[in-house]
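Descriptive analysis of the structure
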Amino acid sequence: KLVDEARKTRRSLIQPYISVYLEQTEADVSLMKLVVENIGQGPAYDLSFGVKRNFPNKIEDVDIFRIGILAEGLNYCQVGFKKKYFFLETKNNHQEKMKLEITIEAKYFNAYKELFQEIFVLKPVQLSRTGQLNPPDTFIGRISKSLTEISKTLENWNIEKSTNQD
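The structure reproduced in this document is the subject of the present report. Note that the structure is a prediction, hence the values are computed from the model and not measured.

Quick word on the nonpolar core
- Core analysis: the largest hydrophobic core is formed by 26 residues, its most contacted members being Ile 18, Val 20, Leu 34 and Phe 49.
- Within the residue set of this core, elements represented by two or more residues are strand S1 (18-24), strand S2 (31-38), strand S3 (44-53), helix H2 (68-72), strand S5 (82-89), strand S6 (102-109) and strand S7 (115-122).
- With 4 residues, S6 is the single largest residue contributor to this core.
- In this structure, Leu 34 is in contact with Val 20, Tyr 21, Leu 22, Ile 64, Phe 65, Leu 70, Lys 83, Lys 84, Tyr 85, Phe 87, Ile 104 and Leu 122, ignoring residues within four places of it in sequence.

As structure tokens, this is what we get:
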């Protein structure tokens, strides 16, 4: 019994786990990224994806499911691997885009050649109506906020300058 527990512990320490989820960008909450990540303790081998969606192939300019690892898969996915793809802009046609749903199936093997299948159902509506941290908690978010403030200051300065010249 102790040997079985030790074997299970050893296997769990090298187990991959692929996670696929949506994430809002740091600079603008209306922009969403699709994230693929290996959050497990071991590498995943022969990673491939299947996609079912209730929307046309192209919502935006690029069909992300026809590029990169989402289309080609990945022979070796190391521990800590994380890849982000621009997925969706939700300012335009917001209500329609909130109805979108995408099902992604990830298939991969562990070091023992055991097959794993994970199904992820992603809905942009689940991230909607979440606020943006103020001040932002990331460097990119803080840069974006600073640039917005600088732009507003310059705009106000230009308005004051043109009013004074009249």
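A short note on the environment of Phe 120
- Following the sequence through the fold, Phe 120 ends up in strand S7.
- Considered as a pair, Phe 120 and Tyr 21 are 99 residues apart in the sequence and their alpha carbons are 7.6 Å apart.
- In contact with Phe 120, not counting residues within four places along its chain, are Tyr 17, Ile 18, Ser 19, Val 20, Ile 102, Thr 103, Ile 104 and Ala 106.

Remarks on the pattern of salt bridges
- Counted by the stated rule, this structure contains 6 salt bridges.
- We note a salt bridge from Glu 101 to Lys 123, for which the minimum N-O separation is 3.6 Å. On the criterion of sequence distance, the pair formed by Glu 101 in the loop between helix H3 (94-97) and S6 and Lys 123 in the loop between S7 and helix H4 (139-165) is long-range, its members being 22 residues apart.
- Owing to a relative accessible area of 32%, Glu 101 belongs among the partly exposed residues under this scheme.
- Through salt bridges with shared partners, one network takes in Glu 23, Lys 33 and Lys 84.

Parameters at a glance
- Residues numbered from 1 in each chain as written.
- Predicted model: local features only at pLDDT ≥ 70, side-chain atom pairs only at ≥ 80, totals over all residues.
- Heavy atoms only, no water.
- Core = buried A, V, L, I, M, F, W, Y, C linked by side-chain atoms within 4.5 Å.
- Buried < 20%, exposed > 50% of the residue type's maximum accessible area, 1.4 Å probe, protein only.
- Helix = DSSP H or I, 4+ residues; strand = E, 2+ residues; numbered from the N terminus.
- Contact = heavy atoms within 4.5 Å.
- Salt bridge = Lys/Arg side-chain N within 4 Å of Asp/Glu carboxyl O.

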